[in-house]
Amino acid sequence: MLPTVVDITAITNQRVVGSVSSWLSYDGTNTVEHLAGRSPDGDLLVFYWIPGQDWQVVNVSQITGQKIASPVTSWLSSDGENTVEHLAGS
């Protein structure tokens, strides 16, 4: 059985150019899927999906006032019992 293809651009009305970074994190017992990339205007966009909800997008550039020109990378670390999500681009 082939996996289902989901058009996140159609759902969120946001698109990215270039490569994306993906990672998983947990919200209680739910696995949260993430994708991050650069919009055509240089905004850093983070898309996420939680079971029972549709894909959502956060425009990090609108929050920080910072644009990016490069692909992004992501990684996880821990701070005691907490998982810390990192995202970087330039």
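Our structure's up above, just so we're on the same page.
These numbers were taken from a predicted model, which means no experiment stands behind them. (Residues numbered from 1 in each chain as written. Predicted model: local features only at pLDDT ≥ 70, side-chain atom pairs only at ≥ 80, totals over all residues. Heavy atoms only, no water.)

1. Considerations on the overall build of the protein
Now for step 1: Looking only at helices and strands, the protein has 2 helices and 6 strands in total.
Now for step 2: Each helix (α) and strand (β) of the protein, taken in turn from the N terminus, gives the series α-β-β-β-β-α-β-β.
Now for step 3: In terms of principal-axis extent, the alpha carbons of the protein reach across some 40 × 35 × 20 Å.
Now for step 4: Each of the 90 residues in the protein was classed as buried or not, and the buried ones make up 27%.
Now for step 5: A separation of at least 24 residues holds for 30% of the contacts in the protein among residues at least 6 apart in sequence. (Helix = DSSP H or I, 4+ residues; strand = E, 2+ residues; numbered from the N terminus. Buried < 20%, exposed > 50% of the residue type's maximum accessible area, 1.4 Å probe, protein only. Contact = heavy atoms within 4.5 Å.)

2. Some remarks on the sheet that holds strand S1 (residues 17-27)
By definition, the strands of a sheet pair up through backbone hydrogen bonds, in either a parallel or an antiparallel sense.
Now for step 1: Read across the sheet, 4 strands follow the order S1-S2-S3-S4 without closing on themselves; strand pairing throughout is antiparallel. At either margin of the open sheet sits one strand with a lone partner, and together these are S1 and strand S4 (56-59). On average, each strand axis in the sheet is tilted by 25° relative to the strand beside it, whichever way the strands run.
Now for step 2: Bridge analysis of S1 against strand S2 (residues 30-38) gives 8 bridges, and the strand direction is antiparallel. (Pairing = 2+ DSSP bridges. Axes fitted to C-alpha atoms, helices over the stretch in contact; angles between N-to-C directions.)

3. Considerations on the pattern of salt bridges
Now for step 1: Inspection of the entire model under this criterion finds 1 salt bridge.
Now for step 2: The salt bridge involving Asp-43 is made with Lys-67; its shortest N-O contact spans 2.7 Å. Here Lys-67 lies in the loop between helix H2 (60-64) and strand S5 (73-79) and Asp-43 lies in the loop between S2 and strand S3 (44-49), a separation of 24 residues in the sequence.
Now for step 3: For Asp-43, a relative accessible area of 13% gives the class buried. (Salt bridge = Lys/Arg side-chain N within 4 Å of Asp/Glu carboxyl O.)

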